[in-house]
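Chain residues, written in single-letter form:
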Amino acid sequence: MPKDHGIGASNKRREDIRFLTGTGNYTDDINIHGQAYVYFLRSDVAHGKINSIDTAAAAAMPGVVRIFTGADFEGIGGLPCGWQVTDKHGEPMKEPPHPVLAQGKVRHVGDPIAAVVADSLDQARDAAEAIELDIEELPAVVDMKAAVQEGSALVHDDIGTNLCYDWGFVEENKGAVEEAFSKAAHVTTLELRNNRLVANPMEPRVAVGDFNRASGDSTLYTTSQNPHVIRLLMGAFVLGIPEHKLRVVAPDVGGGFGTKIFHYAEEAFCTFAAKQLNRAVKWTSSRSEAFMSDAHGRDHVTKIQLALDADNNFTALRTETYANMGAYLSTFAPSVPTWLHGTLMAGNYKTPLIYVNVKAVFTNTVPVDAYRGAGRPEATFQLERVIDKAARELGVDPVELRRQNFITEFPYATPVAVEYDTGDYHATMDKLVEIADFAGFEARRKDSEAKGKLRGLGVNCYIEACGIAPSNLVGQLGARAGLYESATVRVNATGGVVVMTGSHSHGQGHETSFPQVISEMIGIPEDQVEIVHGDTARSPMGMGTYGSRSLAVGGSAMVRAAEKIINKAKKIAAHLMEASEGDIELKDGAFSVAGTDKSVAWGEVCLAAYVPHNYPLEDIEPGLEETAFYDPSNFTYPSGAYCCEVEVDPETGKVTIESFAATDDFGNIVNPMIVDGQVHGGIGQGIGQALLENCAYDENGQLLSASYMDYAMPRASDVPFYKVDHSCQTPCTHNPLGVKGCGEAGAIGSPPAVVNAVIDALHSGGHKVEHIDMPVSPSRVWAAMNG
Amino acid sequence: MYAFDFEKPTSVADAVVALKDEDALALGGGQTLIPTLKQRLASPSKLVSLMGIAEMQGVSADGGTLTIGGGTKHAVVAAEAASAYPALAALAGGIGDPAVRNRGTIGGSLANNDPAACYPSAALASGATIVTDKREIAADDYFQGMFTTALDEGEIVTAVKFPIPEAANYQKFEQPASRFALVGVFVAKYADGVRVAVTGASEEGVFRWTEAEEALSGNFSPDAVAGLAASADGMITDLHGSGAYRAHLIGVLTKRAVAAAG
Ligand SMILES: Cc1cc2nc3c(=O)[nH]c(=O)nc-3n(C[C@H](O)[C@H](O)[C@H](O)COP(=O)(O)OP(=O)(O)OC[C@H]3O[C@@H](n4cnc5c(N)ncnc54)[C@H](O)[C@@H]3O)c2cc1C
């Protein structure tokens, strides 16, 4: 019998009632009396010197409140970067300034030049058109390899190079890796590009800045995954507003996928302008603006080499990657191709020697930062592609080659600095073989061939590091933040519970799954538990939601706070029943004394805490409210095996996904339905990356895919009904719930399965194609077959 | 969007008058024009909606001709042309999504003449007649290159007359992002010969593939075009495919259209 409440129950998502009935409260729903609107005049050239900005005529236009330019932000901080990477020589990365509004130069199409604040948005736009710009266009830096050649134009003149850092990991292993390659029986090499993506959450970014002249307090309402982080970064580094005078609220947020982690210029602008003008200022991104101002994802160019011995054991791996940073360093950009990517290069395999080189490059393109999976999809894609290629070259079964090299003993310390606590890679692979019906594949291939189609089956494994992260560890790696999480559990006098979490839900379903944990612990129904998130004035300092960390880190903080509550409640119960605290048991919402029929209900204990007439006041305080901060001792390591079957139309090159199966080990699972949904969405995005999505620039730095006319998002008809299985569970060993996190797995695990399947299909038709870069579009498949 | 005046006349005659104002523009379903206005890429003084004009609505078959009012929505064509001209109905039913099909009109599509739009291929392959408020224009004279037609300023497409073919089929290969035609081929077989029109592919907009027409007029079977290759000269190269790829697709889709037309 599936459970109907508590941990393990597939409770329907309570937040969906408001999301599906149009009663959500998104940032754009927030309107403050008397608010003005800002329109950002953005650069239409990729690279240019600003000779002059004449706003005189524009400022005199109807409704204009004020026009701001970069000059208004001189002496004010730029947007800070939250992670400092140290290069292979021990030098810190290059960290050029990132002004709120462009100063001196524009560096990408979409770079904001001026901000026009007016009574209405149309008036602001009209005035923006009247601003006279004199911008001298400069040669654009677009191609990463050309960007680091001598004589390239420079995105940032004062740092004298377009190379942000040249990172070697683990630099001390480099010699041993070279030696292993020289002794290898076989070396497989693959060069590939991990395509640039635009996250495209359904809700575009919005910011409303407000200022209260009476109190001197600033408030920012914003579409953020981590309001506390925005408060700290913007308050301390950009605007100089201390936290107690600054409130950041991220209400309902319609999808983030990483792109709403970062602190953006528009947020700082609206907060700043509201204070300057003593009037609320609102900005709502259009979809067109989103394409050129939301941080993009991925964009790596990689060469990977795998060395094997005569028995097909992996002996060494080395990679060289160019990672696009775009024009400025977005908040966590430097960490993505390094600590979120290099550390994952062991994958599920016991390769003893690994060397990863990453060159991060500035270009005249939109900044690139974390996008669902962040670094781990890039790692998984190259590794799982090169293994498939090696299997083909060696004439061995790709599944067997993987199995032979699986890590089987845990904990396992990889040569790339992480220690996997648990996992069972054979178990997820066994389950995959079963649910994807490998045995029936040859028959299905024959059916496809009878229809004139080529059929392919692709498999891959993945490992990810989630539950970000042990603060002391990431501190050593260059993080400028701690990565704990917080929760306050407030029990009301009549027994209801409010959890104020530092995690943020922007689609993940915290409001449903977090109460299931409390319900399990205390034994009260879920509907007596309310989750509060997204407001720095209501929750303790938290780090927000990304990196599949909410339940593993935020949930753990909640468990710790709830444990404190239960301990205190037991003391109260012991007093009420005149028993010894050690004999008190909590079950199904009632405290009882072991071995007796004495019991007192949860509600009575709560009431006693707030009406402490009969209460051990000499020992404990009244009230029932506890806060905990939880700092994980390790990452969590979800893993799994994915299988995709495709059909390729050999005449047109069109790929259709015939089936997709996923087996994931997420450790313990709180709400299986939500986990399925997270995996479905992730695979959808992975299929989008593999087959459709492509953020492309021309050689002048013009964005070619600047709207949905050219940027292909996956739609329902592009994806199959997924088979997902989460029955292989090796609980995380170091967090109280034994959970690992499931938010990114689908996006990490699916692209290589798709591409492996396409390559398999082409080989079945006699096309000796070794690789096609994503998106594997019909035209690229056709070109590869006919090339 | 810039401010504009708005009129919704109920007759073609009134619409013609309303469109005489300088910088007045006709508004059909708004599926192309409204996004253009939102991006401030057009600044008409006035929009004259054609959607209140009853005489521009509807689908009717008379003898060998199917007549579609210029203001008829794609969804209506998809439903009401299905028995008289199934290939045309199927084309209309494959345009955009339900929202687009329930607003966009045949007149707007033909007036706009997007090089990747579907209707132009049907009109050209059918040898249709474009009826306006002042004249009738043969499809062969009407399409004059990307976004360019024989229409004068303020001229309204009031109806389109399609000779009903013996057999026809439209094969659309979708551009992955917009789902417009990356290449679309409409094949129509008449007693006096076969016409093949291609959309999506050429820098000159919709065109007739005369080599295929000749081959098919003699032998209406997929084999007749199996050996033919369209030239890649003048074909569009963009993010979604090279000119050579588009030229290749013309051959594949023509063959498939003939096979499907039966
Ligand atoms: C998401 C989306 C997907 C689409 N997919 C496809 C597709 O797959 N295939 C396809 O073919 N099209 C597609 N379209 C375009 C769609 O078919 C539009 O309906 C069409 O291009 C314009 O028709 P409309 O009635 O909306 O014209 P409007 O947008 O109102 O007008 C377009 C132009 O035509 C003029 N005009 C309008 N009606 C007349 C008339 N009767 N006489 C003279 N001039 C007139 C207007 O002044 C304007 O210049 C798509 C559109 C969208 C938004």
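Residues numbered from 1 in each chain as written. Chains lettered and ligands numbered in written order. Predicted model: local features only at pLDDT ≥ 70, side-chain atom pairs only at ≥ 80, totals over all residues. Heavy atoms only, no water.

Trainee: Now, about the packing of helix α6 (residues 227–239) of chain A against helix α7 (residues 265–277) of chain A: what can you tell me, with residues and values included?
Mentor: For any two helices packed against each other, one specifies the inter-axial angle together with the distance between the axes. Residues and elements named next belong to chain A. Two numbers describe how α6 lies on α7: the axes approach to 11 Å, and their chain directions differ by 65 degrees. Here α6 is positioned roughly perpendicular relative to α7, judged by the angle of their axes. As α6 runs across α7, the sense of the crossing is right-handed. Here I230, M234, V238 and L239 of α6 lie close against α7, whose contacting residues are E267, A268, T271 and F272. (Axes fitted to C-alpha atoms, helices over the stretch in contact; angles between N-to-C directions. Helix = DSSP H or I, 4+ residues; strand = E, 2+ residues; numbered from the N terminus. Parallel < 35°, antiparallel > 145°, perpendicular 65-115°, else oblique. Left-handed = near helix turned anticlockwise from the far one by under 90°. Contact = heavy atoms within 4.5 Å.)

Trainee: Give me the lowdown on the site of the ligand, citing residues and values where you can.
Mentor: All names here are of chain B. Taken together, 29 residues lie around the ligand, and A26, G29, G30, L33 and T105 are the ones closest in. Between the ligand and T105, the relevant distance is 2.6 Å, taken from an oxygen atom to a side-chain nitrogen or oxygen of the residue. Take C118: an N or O atom from its main chain is 2.7 Å from an oxygen atom of the ligand. Protein contacts shield 89% of the accessible area of the ligand, which totals 960 Å² for the unbound molecule. Among the secondary structure elements, those contributing two or more residues to the shell around the ligand are β2 (24–27) and α6 (106–112). If you tally residues by element for the shell around the ligand, the top one is α6, at four residues. Considered class by class, the residues forming the shell around the ligand number 14 nonpolar, twelve polar and three charged. (Near = heavy atom within 4 Å. Polar contact = N/O pair within 3.5 Å; in protein donor to acceptor, adjacent residues only side chain to side chain. Areas by Shrake-Rupley, 256 points an atom, 1.4 Å probe, with all protein chains shown as cover. Nonpolar A, V, L, I, M, F, W, Y, C, P; charged D, E, K, R; others polar.)

Trainee: Explain unusual backbone geometry residue by residue, including any values.
Mentor: Residue and element names in this part refer to chain A. Residues F410 and P411 are joined by a peptide bond in cis, for which omega reads -5 degrees. Summarising the element assignment, P411 is placed in the loop between α10 (398–405) and β16 (412–413). In this structure, the amide linkage connecting M774 to the following residue, P775, adopts the cis form with an omega of -5 degrees. Within the secondary structure layout, P775 lies in the loop between α18 (745–764) and α19 (778–785). You will see that D299, though not glycine, has its phi angle at about 65 degrees, which is positive.

Trainee: Account for the interface of chain A and chain B, naming residues and giving values.
Mentor: Residue-level contacts link 24 residues of chain A with 22 residues of chain B. Across the contact surface, chain A and chain B share seven salt bridges. For the salt bridge of D649 of chain A with R256 of chain B, the shortest nitrogen-to-oxygen distance reads 2.8 Å. Between the two partners, chain A and chain B, sit 17 residue pairs in polar contact (both at pLDDT 80 or more). (Salt bridge = Lys/Arg side-chain N within 4 Å of Asp/Glu carboxyl O.)

Trainee: Quick rundown of the sheet that holds strand β15 (residues 353–362) of chain A? Include the residues and the values.
Mentor: Residue and element names in this part refer to chain A. Read from one edge to the other, the open sheet built from five strands follows the order β7-β15-β14-β13-β8, with strand pairing classed as mixed. One side of each edge strand has no neighbouring strand; the edge strands of this open sheet are β7 (163–169) and β8 (186–194). With direction set aside, neighbouring strand axes in the sheet form an average angle of 10 degrees. Against the sheet, helix α5 (residues 174–182) touches β8, β13 (300–308), β14 (314–326) and β15, its axis set at about 125 degrees to β14. (Pairing = 2+ DSSP bridges.)

Trainee: Which residues make up the packing of helix α17 (residues 672–692) of chain A against α18 of chain A, and what values do they have?
Mentor: Residues and elements named next belong to chain A. At a closest axis distance of 7 Å, the pairing of α17 and α18 adopts a crossing angle of 45 degrees. On the basis of the axis angle, α17 is oblique to α18. The way α17 lies across α18 gives a crossing that is right-handed. On the side of α17, the interface is formed by V679, G682, I683, G686, I687, Q689, A690 and L691, while α18 contributes G746, A747, S750, P751, V754 and V755.

Trainee: Break down the sheet that holds strand β12 (residues 281–284) of chain A for me, citing the residues and quoting the values.
Mentor: Residue and element names in this part refer to chain A. Ordered by their spatial adjacency, seven strands build an open sheet running β3-β5-β1-β12-β9-β10-β11, and the pairing between neighbours is mixed. Single-partner strands in this sheet number two, and they are β3 (64–69) and β11 (246–249). Neighbouring strand axes in the sheet, compared pairwise and without regard to direction, differ in orientation by 20 degrees on average. Relative to strand β5 (residues 112–118), strand β1 (residues 36–42) runs antiparallel, the two sharing six bridges. Bridging across to β5, L41 finds its partner in A114.

Trainee: Before we move on, could you go through the side chain of S503 of chain A and cite the residues and values that matter?
Mentor: Within the secondary structure layout, S503 of chain A lies in the loop between β20 (497–501) and α14 (510–522). Ignoring sequence-local partners within four residues, the contact set of S503 of chain A consists of E485, H510, F514, H533, G534, G544, T545, S550 and G554 of chain A.

Trainee: So what's going on with a nonpolar patch on the surface? Which residues, and what values?
Mentor: A contiguous nonpolar patch, built from L607, Y610 and V611 of chain A and spanning about 240 Å² of accessible area, is present on the exposed surface. Among the secondary structure elements, L607 of chain A is positioned in helix α16 (residues 602–610). (Patch = residues over 30% accessible without salt bridge, like charges linked within 9 Å, V, L, I, M, F, W, Y side chains within 5 Å.)

Trainee: An account of the pattern of salt bridges is needed here, citing residue identities and associated values.
Mentor: Residues and elements named next belong to chain A. According to the stated counting rule, one finds 62 salt bridges over all chains in the structure shown. D28 is paired through a salt bridge with K282; the nearest N and O atoms lie 3.3 Å apart. Residue D28 is located in the loop between α1 (15–20) and β1, and its partner K282 is located in strand β12; the two are separated by 254 residues in the primary sequence. Among the residues examined, D28 registers a relative accessible area of 36% and is labelled partly exposed. On the accessibility criterion, K282 (4% relative accessible area) is buried. Salt-bridge contacts for R455 lead to E647; the nearest nitrogen and oxygen are separated by 3.5 Å. Of this pair, R455 sits in strand β18 (residues 454–463) while E647 sits in strand β26 (residues 639–648), and the two are 192 residues apart along the sequence. For the pair formed by R455 and E647, the shared burial category is buried. Linked by salt bridges that have partners in common, D437, R444, K451, R455, E645 and E647 make up one network. (Buried < 20%, exposed > 50% of the residue type's maximum accessible area, 1.4 Å probe, protein only.)

Spatial relationships are all this shows, so hold off on functional conclusions.
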